[in-house]
Amino acid sequence: MSSAPLPRRVAILGGSRIPFARSNTAYAELSNQDMLTAALQALVDKFNLHGERLGEVAAGAVLKHSRDIALTRESVLSTTLSHDTPAYDVQQACGTGLEAAILVANKIALGQIDVGIAGGVDTASDAPVAVNEGFRRALMRANRGKSTGQKLAALSKVRPGMLLKPELPRNAEARTGLSMGEHCELMAKRWEISRESQDELAVASHHNLAAAYDSGFLNDLVVPYKGLTRDNNLRPDSTLEKVAKLKPAYDRAGGTLTAANSTPLTDGASVVLLASEEWARAHDLPVLAYLRTGETAAVDFVDGDEGLLMAPVHAVPRMLEKLGLTLQDFDFYEIHEAFAAQVLCTLKAWEDPVYSRERLKLDVPLGSIDRTKLNIHGGSLAAGHPFAATGGRILATLAKMIDRNGGGRGLISICAAGGQGVVAVVEK
Amino acid sequence: MASQDQYLSFSSSGFGKWLTGTLGLPQPIPLVRYRPGKPELRGPVVVGAAPGSKIEDFLASALRAMGAVTLYHPDSADWRLAAGRHEVMTGRFVPEDSGRTGALLFDATAIADTEGLKALYAFFHDTIRSLATNGRIVVIGTAPEDADSIEAAAIQRGLEGFTRSLGKEVRRAVAVQLVWLKPGGEASLDSTLRFFLSGRSAYVSGQTVRVGVPVTGVVDRPDPARSQAGRTVLITGASRGIGLSIAETFARDGAQVVLLDIPPAASELAKHAERLGGAALALDITSPDAQDAIAADAAGRGGYDVVVHNAGITRDKTIAKMSASQWDSVLDVNFAAPLHITEKLLVAKAIRPNGRVVFVSSLSGIAGNLGQSNYALSKAALIGAVGKLAPLAATEGVTVNAVAPGFIETQMTAAIPFAIREAGRRMNSMSQGGLPVDVAETIAWFAHPGSGGINGAVVRVCGQSLLGA
């Protein structure tokens, strides 16, 4: 029996990701398995982990085939990591990557493991298209049939139309039937987020990410893959004039969300190496930053009383209170740009006294942030957003930013489907 | 100029590609040349090294300066560390995952025995199919004369046969070069790698060049887009063709250009000089006072940094039919004048430190050509001049090199009878003629402030022509 040690600091040692690709482009023929394996192997190569048995690998995907029961474990078996490394899948919509990191970090903090990898992958190019629901039920009934007659009777219910109408995965909330963009459009209207402010955020995202590539900042975080060396959604020459021309995507008449200020469907994978300080020292690997803590919140969006993507707004004040920090105690803010409007609603909500008092139960609003510290190396609007891979991208990038800065503190905020949100603090 | 080669346009078209393929005719691929502001590389550079190399940091630093993305052959996993030290993006090369690559770069400097050659084989065996059209291959070896053993020297010399064979079998507009490193030359690889890995060397293939310690002792690393900024460049025969392209290329790279040509071309010359923001010098380089006039012009500009001897004439006749004046004029213009002008400028210290002299020789001078005994003699003599001048000029901090163009699409080659012209165009690994700019880019590489480690070289701009090879 091991003793129960005090929580340990969890070091972020680095990350690897493949360039993100807009769906049905460079990675159109690839599976989640292919991409997760590629990112994982790149991390193993980078840190020379060949043959090493790690505590665990936790990763996941939002859009998953039924065959991918053990997606992460299968990827581990395809790399040069020791095949004695256990693995499991995590699934919490767009929060998957960061939630996986928190899970691994918690085990390291508790001394259950010394080192682990967290990550995520997603593809909308290889979506799990299932057979028609009526067809599936008929097949199941035929399977249950005891006699040939019963089996044939069940199969006689099959209609040709069933074969032509497969069950497609939907980018819509199960309980409202609204797409995420439609939900965010409602939020933008409620918080009166202007089209211009959304477009400005989107253009800044592209410019910041392009600069990060040009300066070489991302050179050790991204590995070339399938002919891509940069995220192919990136438009370095994006301008306000160009994006202002786009028509609204979700509400043609009065909407403000467009293809430019919303993330496109994206394919990609990312992974992050986490370890105890002792393990890092023993392997002579420098610590980029520490994953201090994480917090997950959920909101009831079903009746429309709260916005679908507002959960991070609730998670952050809870986390800050536990840490005794204010919103202004950060050098970097990494707010996932699912939609520019989501970021702007989040910031506005934290500044709003009424909302803070009534919804967040705060006497004083968290206040505003220094916008020059927000997503300084670009965000999901430029890089794209392969759902489960976004957390790993942000975590590794932020850790490197803090290391480059000679220390500091960063806030991560990621909204997710189902009215959930995952947030974390990284510092050194 | 490209439009002169109508077969190239035809065979690149849909129907033309099918027809030429069916008939087994040459299928030249349009060469992708360097354009300012466009990416220099066609894709990631796959890097490999034979065990024991000591130059990976120099390579990583040069590739970083080019903004290159790299992939490493699995046998060369140490590259990851060098790439990490220099913040070069890198990843493992996996044939089915890596996609099309832009260049293959192999460091063979440490190969000393046949065992070491296994790494060379494995690297190219595994990677060559990934290379995109218009890709680049560069092998870096150790100059045979500097090798530690007979076997090592022999093997390093053997690399020349290897790279030239690759050039002939890979085709698809891929250029292949061998760089022989001299002791202390590692630090001055940047300009050479940038030239050989980019579209600047589109029509240069199957070449071998030695890179040593720069003649000035220090490596200059100017802004890549303005590498000739602050330099004054004299170009002879600059009113048209290759000479004009040389002037345009230097002006593009930021140089102050001085365009020289014979007085009958004075008005053309003045027009181009004005367009390029340079000066015109209308004089006959064979006239008695030419040397003094050029030296005076140099003095008036505080000296030249680069002198490009491009002026040349042909007076083709078989030796039995050739008149004495045809013999003399070709030798005077092509050989005697450039040599004596160079000597005069060097003695007068009119070429500044880190300066360059570049002679435009010819493939004729290497292979010989029917009816060109005078021309071939003059152009071969320039190669001889390079050999003798280079070490002398080095003491002044000046390098002396030559380019030897093969079939270049100019007004001069357009006048060649059809059948001979077609043969000249197709008998090379690119299956097409070069453009004047291909010669100009090669001269600009010699003249690059960072190319002080290249001295006494003769580089052919011939698409790896079968002639004289």
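Rules behind the numbers
- Residues numbered from 1 in each chain as written.
- Chains lettered and ligands numbered in written order.
- Predicted model: local features only at pLDDT ≥ 70, side-chain atom pairs only at ≥ 80, totals over all residues.
- Helix = DSSP H or I, 4+ residues; strand = E, 2+ residues; numbered from the N terminus.
- Rg over C-alpha atoms; globule rule 2.2 N^0.38 Å.
- Buried ≥ 20, exposed ≤ 12 C-beta atoms within 10 Å, placed from the backbone.
- Contact = placed C-beta atoms within 7 Å.
- Nonpolar A, V, L, I, M, F, W, Y, C, P; charged D, E, K, R; others polar.
- Core = buried A, V, L, I, M, F, W, Y, C linked by C-beta atoms within 7 Å.
- Domains from an automatic or database assignment.
- UniProt positions renumbered as here; feature names shortened; annotations may be inferred.
- Pairing = 2+ DSSP bridges.
- Axes fitted to C-alpha atoms, helices over the stretch in contact; angles between N-to-C directions.
- pLDDT = per-residue confidence, 0-100.
- Expected span 1.5 Å × (residues − 1).
- Parallel < 35°, antiparallel > 145°, perpendicular 65-115°, else oblique.
- Left-handed = near helix turned anticlockwise from the far one by under 90°.
- Right-handed = clockwise from strand over helix to strand, strands pointing away.

Enquirer: Explain the overall build of chain A residue by residue, including any values.
Expert: Counting secondary structure elements, chain A contains 15 helices and ten strands. Relative to the compact-globule value of 22 Å for 428 residues, chain A shows a C-alpha radius of gyration of 22 Å, a close match. Looking at the 428 residues of chain A, the share that counts as buried comes to 54%. Pairs at least 24 residues apart make up 81% of the contacts formed inside chain A by residues separated by at least 6 positions.

Enquirer: If you had to explain the overall build of chain B to someone new, which residues and values would you point to?
Expert: Counting secondary structure elements, chain B contains 16 helices and 14 strands. Projecting the C-alpha coordinates of chain B onto the three principal axes gives extents of approximately 65 × 55 × 45 Å. For chain B, with 469 residues in total, the buried portion stands at 54%. Counted over contacts in chain B with a minimum sequence separation of 6, partners at least 24 positions apart contribute 75%.

Enquirer: Give a detailed account of the interface of chain B and chain A, specifying residues and quantitative values.
Expert: In many analyses, interface size is given as the accessible surface area lost on bringing the parts together. Facing the 15 residues of chain B at the interface are 14 residues of chain A. For the side of chain B that touches chain A, the secondary structure elements donating two or more residues are α4 (79-85) and β3 (90-92) of chain B. For the side of chain B that touches chain A, a count of residues per class yields five nonpolar, five polar and five charged.

Enquirer: Can you break down the nonpolar core residue by residue, with the values?
Expert: Counting 272 residues, the largest nonpolar core has Ile12, Ala101, Leu274 and Val426 of chain A together with Leu259 of chain B as the members making the most contacts within it. In terms of domain composition, this core takes at least three residues from each of domain 1 (21-211) and domain 2 (224-461) of chain B. Look past the residues within four positions of Ile12 of chain A in its chain and what remains in contact with it is Val272, Leu274, Leu288, Ala289, Tyr290, Leu291, Leu395, Ala399 and Val426 of chain A.

Enquirer: Lay out the domain arrangement of chain B in plain terms, naming residues and giving numbers.
Expert: All names here are of chain B. For chain B, the assigned domains read domain 1 (21-211) and domain 2 (224-461). Just the C-alpha atoms count here: the centres of domain 1 and domain 2 sit 29 Å apart. On the side of domain 2, 24 residues touch domain 1, which itself brings 29 residues to the contact. Within the residue set of the side of domain 1 that touches domain 2, elements represented by two or more residues are α6 (150-170), α7 (190-197) and β7 (207-211). Per-element accounting of the side of domain 1 that touches domain 2 gives the leading share, five residues, to α7.

Enquirer: Could you give an account of the UniProt feature "active site" (unreviewed entry) in chain A, with specific residues and numbers?
Expert: Residues and elements named next belong to chain A. In the numbering adopted here, UniProt assigns the feature "active site" (unreviewed entry) to Cys94, His385 and Cys415. Taken together, the annotated residues stretch across 322 residues yet fold into one region, lying no more than 11.9 Å apart by C-alpha. One can find His385 in the loop between α14 (380-383) and α15 (390-404). Residue classification places His385 among the buried residues on the basis of 25 C-beta atoms within 10 Å. Dropping the residues within four chain positions of it, His385 is found in contact with Thr263, Thr266, Ala338, Ser380 and Thr390. One can find Cys415 in strand β9 (residues 409-416).

Enquirer: For the sheet that holds strand β11 (residues 304-309) of chain B, give the residues involved together with the corresponding values.
Expert: All names here are of chain B. Pairing is parallel across the open sheet formed by seven strands, whose spatial order is β10-β9-β8-β11-β12-β13-β14. Of all the strands in the sheet, just β10 (279-282) and β14 (458-461) have a single pairing partner and so form its edges. The mean angle between the axes of side-by-side strands here comes to 20°, regardless of whether they run parallel or antiparallel. The pairing of strand β9 (residues 256-261) with β10 spans four bridges and is parallel. Along β10, the bridge assignment pairs Leu259 with Ala280.

Enquirer: How would you sum up the confidence of the model for chain B? Please name residues and give values.
Expert: The predicted model of chain B averages 94 in pLDDT, with 99% of residues at 70 or higher. The ipTM value of the predicted complex is 0.85, and its pTM value is 0.89.

Enquirer: Outline the UniProt feature "domain: Ketoreductase" (unreviewed entry) in chain B, listing residues and values.
Expert: Those places that UniProt annotates as "domain: Ketoreductase" (unreviewed entry) correspond, in this numbering, to residues 231-406 of chain B. In residues 231-406 of chain B, helix accounts for 48% and strand for 22%; the two terminal C-alpha atoms are 28 Å from one another.

Enquirer: Could you give me a rundown of helix α8 (residues 241-252) of chain B, with the residues and numbers involved?
Expert: In an α-helix there are 3.6 residues to a turn, and that puts residues three or four apart on one side. All names here are of chain B. With twelve residues, α8 should reach 16 Å at 1.5 Å per residue; the first-to-last C-alpha distance of 17 Å fits that figure. Considered for burial, the residues of α8 that qualify are Gly241, Ile242, Gly243, Leu244, Ser245, Ile246, Ala247, Thr249, Phe250 and Ala251. Downstream of α8 by one or two residues, Gly254 has phi in the positive range, about 100°.

Enquirer: Lay out the sheet that holds strand β4 (residues 101-107) of chain B in plain terms, naming residues and giving numbers.
Expert: Strands pair in a sheet through their backbones, by hydrogen bonds, and they do so in one of two ways: parallel or antiparallel. Residues and elements named next belong to chain B. With parallel pairing, the seven strands of this open sheet are ordered in space as β3-β2-β1-β4-β5-β6-β7. Across the chains shown, the open sheet's two edge strands, defined by having one partner strand only, are β3 and β7. For this sheet the average axis-to-axis angle between neighbouring strands, irrespective of direction, equals 25°. Relative to strand β5 (residues 131-142), β4 is paired through six bridges, and the arrangement is parallel. Bridge pairing in β5 places Leu105 opposite Val138. Packed on one face of the sheet, helix α5 (residues 117-127) meets β1 (45-49) and β4 and runs near 175° to β4.

Enquirer: Lay out unusual backbone geometry with the relevant residues and their values.
Expert: Leaving glycine out, the prevailing phi sign among residues is negative, and the prevailing peptide bond configuration is trans. Positive phi is not limited to glycine here, since Lys226 of chain A has a value of about 50°. Residue position: Lys226 of chain A is located in the loop between α8 (195-214) and α9 (240-244). Even without glycine at this site, Gln464 of chain B takes up a positive phi of about 60°. Within the fold, Gln464 of chain B resides in the segment after β14. According to the C-beta neighbour criterion, Gln464 of chain B is buried, with 23 such atoms within 10 Å.

Enquirer: Kindly report on the packing of α8 of chain A against helix α12 (residues 340-351) of chain A, identifying the contributing residues and their values.
Expert: A pair of packed helices can be characterised by two numbers: the angle between their axes and the separation between those axes. Residues and elements named next belong to chain A. The contact between α8 and α12 brings their axes to 9 Å, and the two run at 110°. The angle between the axes of α8 and α12 places the two elements in the roughly perpendicular class. With respect to the hand of their crossing, α8 and α12 are arranged in right-handed fashion. Of the residues in α12, those touching α8 at Ser197, Gln198, Leu201 and Ala202 are Ala340, Ala341, Val343 and Leu344. The residue inventory of the contact of α8 with α12, partitioned by class, reads six nonpolar, two polar and no charged.

Enquirer: Any details on the environment of Lys118 of chain B? Residues and values, ideally.
Expert: Mapped onto the secondary structure, Lys118 of chain B falls in helix α5. Along the sequence, Lys118 of chain B and Ala62 of chain B sit 56 residues apart, while their C-alpha atoms lie 26 Å from each other.

Enquirer: Which residues make up the environment of Gly421 of chain A, and what values go with them?
Expert: Structurally, the position occupied by Gly421 of chain A is in strand β10 (residues 420-427). Not counting residues up to four positions away in its chain, the partners in contact with Gly421 of chain A are Gly95, Thr296, Ala297, Ala311, Pro312, Ala315, Ile414, Cys415 and Ala416 of chain A.

Enquirer: Requested: an account of the pairing of β7 of chain B, with residues and values cited.
Expert: Residue and element names in this part refer to chain B. Counting buried residues in β7 gives five out of five residues, a clear majority hidden from the surface. Going residue by residue along β7, you find Gln207, Val209 and Val211 tucked away on one face and Thr208 and Arg210 tucked away on the opposite face as well. The β-α-β motif built from strand β6 (residues 175-181), the intervening α7 and the parallel element β7 has left-handed crossover chirality.

Enquirer: Just give me the short version of helix α11 (residues 311-323) of chain A, but keep the residues and values in it.
Expert: Residue and element names in this part refer to chain A. In this model, α11 (13 residues) spans 19 Å end to end at C-alpha, consistent with the 18 Å of a helix rising 1.5 Å per residue. Of all the positions in α11, only Ala311, Pro312, Val313, His314, Ala315, Val316, Pro317 and Met319 are classed as buried. Close packing links the buried residues of α11 with β7 (289-298), α12, β9 and β10. Of the residues trailing α11, Gly324 is marked for its positive phi of about 70°.

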